[in-house]
Amino acid sequence: MTPLLAALVWVLALALLTALLWWLYRQPPEVTLTRELPRAGFSGREVPLTVRLTLRSRLPVRYALDDPAPGSVVPRAAVQFAGEVLGTVHREHRTRLTLNRRGEFDWPGTTLRWADPLGLFWRSCTLHEPTRLAVFPGTHGLVLPDLLRPLLSEGSLSRTLGLEDPLSLRGAREYVRGDSPGRIHWRLSARQAQKPGGGLMVRELERTAASSLTVYLDTSGGNDVYLESAVRLASSLISEGLALGLPVSVATAGDQTPAGRGEAAAQAALLALARVQLDPAPPRIPAPRSGSNLIILTARGGPPLTEQALRARATASRVTLLALPEGFYLEPGEKPRRQWAGLPDSVRELERQAGVLAGAGILVFVLRGNQSVLRLGA
């Protein structure tokens, strides 16, 4: 056999071998991938993740597998597998996930690459193992004053427990240092001043017990900074309500989660907060439960929101409207930022209307500087 013919035979043999390898390794090995992790977690915290991989192949195969997490869910160590398999192989990867942002996140899919033992032909495909993780908003370490505390007990009107109802006058008493000037009974004080030793008199109100806590988020105004602050504050209020044993719910534009004390109601409320986004549609406050305590969070307020609050007061035992103007309201621990503009006109109008709204049973607070619910009513 001549050298040329021998070389041709070798080339033909290599070509056949190459074609055989290409044909034999067209199909990927059999892959089973499972992820074990909690269904939900809180933003800023970590959750464990365990990824188990099983590969089966009747041929020797080289493989490389990459399982990326969603963009806002960062693993301590990337989930990657690589090696060779003949028969069945089991692999496991344990790590922890840092939850950076609230929301619902789906795993994008796993990339599998495989090749023949010589590594001549690498192929890839995407495997989809449905996995969803809900990231709830974080909370503040709130110590709420009586002014915003959802309530200590349930029941009817009481002289000692519950929230003061501005529409239910129980009587009058002498002014005591620390009483709000808005509660001074001026006519009665004028009559008392004509008597020897007479002084200021204040209205003493009945206390009504709220049957549940509803937090409404106004998403029609503000920006992302306001929305994230409002969501974390709402999450903190919901957690406080649950700690007090109250049925809690979250409301957004025309939608409200079922009120309850159990885990299902808490999960529904926190999931609604995880999903909430800015919406330019006018605010629509769902009718609250009879006797409930309604807390409204807003960036700008405005006549449409005020009108909705007045309608909600018809069934709610108390309505509190909290304005969180961006740049003026600071979360606990947040550093002040230089401001080049004053409060929005709509917020200033809310301040001017606070006295009138208080007479209708709607308390208005505009949070400024580092004044948070930790300090209100102190």
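Look a little higher up for the structure.
In this report, the structure presented in the accompanying data block is examined. (Residues numbered from 1 in each chain as written. Predicted model: local features only at pLDDT ≥ 70, side-chain atom pairs only at ≥ 80, totals over all residues. Heavy atoms only, no water.)

Moving on, we come to the nonpolar core. Nonpolar side chains in soluble globular proteins generally cluster together in the buried interior. Grouped together as the largest cluster of nonpolar side chains are 30 residues, with contacts concentrated most on Val215, Leu217, Leu233, Leu273, Leu297, Leu322 and Leu324. Where this core is concerned, the elements lending two or more residues are strand S9 (132–136), strand S12 (213–217), helix H3 (224–243), strand S13 (248–252), helix H4 (263–275), strand S15 (293–298) and strand S17 (362–366). The next biggest cluster of nonpolar side chains, apart from the first, holds 25 residues, and it includes Leu49, Leu55, Leu99 and Val135. (Core = buried A, V, L, I, M, F, W, Y, C linked by side-chain atoms within 4.5 Å. Buried < 20%, exposed > 50% of the residue type's maximum accessible area, 1.4 Å probe, protein only. Helix = DSSP H or I, 4+ residues; strand = E, 2+ residues; numbered from the N terminus.)

The geometry of an aromatic ring pair comes down to the distance between the two centres and the angle between the two planes. Considering all chains together, one arrives at 1 aromatic pair under this definition. Sitting above the plane of the tryptophan 122 ring, arginine 113 keeps its charged end 4.7 Å from the centroid. (Phe/Tyr/Trp six-rings, centres within 6.5 Å; stacked < 30°, edge-to-face > 60°. Lys NZ or Arg CZ within 6 Å of the ring centre and 35° of its normal.)

Okay, helix H2 (residues 186–193) next. Turning to H2, its buried residues are Leu188, Ser189 and Gln192. Down the axis of H2, the buried set is contained in an arc of 100 degrees. They therefore lie on one face. The exposed residues of H2 that point more than 90 degrees off its buried face are Trp186, Arg187, Arg191 and Ala193. (Arc of directions from axis to C-beta.)

Quick look at the sheet that holds S15 now. Spatially, 6 strands are ordered S14-S13-S12-S15-S16-S17 in an open sheet, and the strand pairing comes out mixed. Across the chains shown, the open sheet's two edge strands, defined by having one partner strand only, are strand S14 (255–256) and S17. Pairing geometry for S15 and strand S16 (residues 318–323), over 6 bridges, is parallel. Its bridge partner lying in S16, isoleucine 295 is registered against threonine 320. Against the sheet, H3 makes contact with S12, S13, S15 and S16, and its axis sits at roughly 175 degrees relative to S12, the strand it touches most. Against the sheet, helix H5 (residues 303–312) engages S12, S15, S16 and S17, with an angle of about 175 degrees to S15. (Pairing = 2+ DSSP bridges. Contact = heavy atoms within 4.5 Å. Axes fitted to C-alpha atoms, helices over the stretch in contact; angles between N-to-C directions.)

What follows concerns the pattern of salt bridges. A full pass over the atoms with the stated rule returns 13 salt bridges. Across the pair arginine 132 and aspartate 106 runs a salt bridge whose closest N-O atoms are separated by 2.9 Å. Residue arginine 132 is located in strand S9, and its partner aspartate 106 is located in strand S6 (residues 103–106); the two are separated by 26 residues in the primary sequence. By relative accessible area, which is 46% here, arginine 132 ends up partly exposed. Its relative accessible area of 42% is what places aspartate 106 among the partly exposed residues. Of the charged contacts, one joins arginine 352 and glutamate 349 as a salt bridge, the two residues approaching to 2.7 Å between their closest N and O atoms. Of the two residues, arginine 352 and glutamate 349 both sit in helix H6 (residues 345–359), 3 residues apart, roughly one turn of that helix. Relative accessible area serves as the criterion here: at 32%, glutamate 349 is assigned to the partly exposed category. (Salt bridge = Lys/Arg side-chain N within 4 Å of Asp/Glu carboxyl O.)

Moving on to the sheet that holds strand S2 (residues 40–42). Spatial strand order, S2-S9-S6: 3 strands in an open sheet with mixed pairing. Of all strands in the sheet, those bounded by a partner on one side alone are S2 and S6. With strand direction ignored, the average angle separating the axes of adjacent strands in the sheet is 25 degrees. Two elements, S6 and S9, share 4 bridges in a ladder whose sense is antiparallel. Across the sheet, phenylalanine 105 pairs through a bridge with leucine 133, a residue of S9. On top of the sheet, H4 reaches S2, S6 and S9; it is set at about 90 degrees to S9, its chief contact.

The next point concerns H5. Listed in full, the buried residues belonging to H5 are Leu305, Thr306, Gln308, Ala309 and Ala312. One side of H5 carries all its buried residues, which in axial view fall inside an arc of 160 degrees. Exposed and oriented more than 90 degrees from the buried face of H5 are Pro303 and Arg311. Considering only its buried residues, H5 is in contact with S12, S15, S16, H6 and S17.

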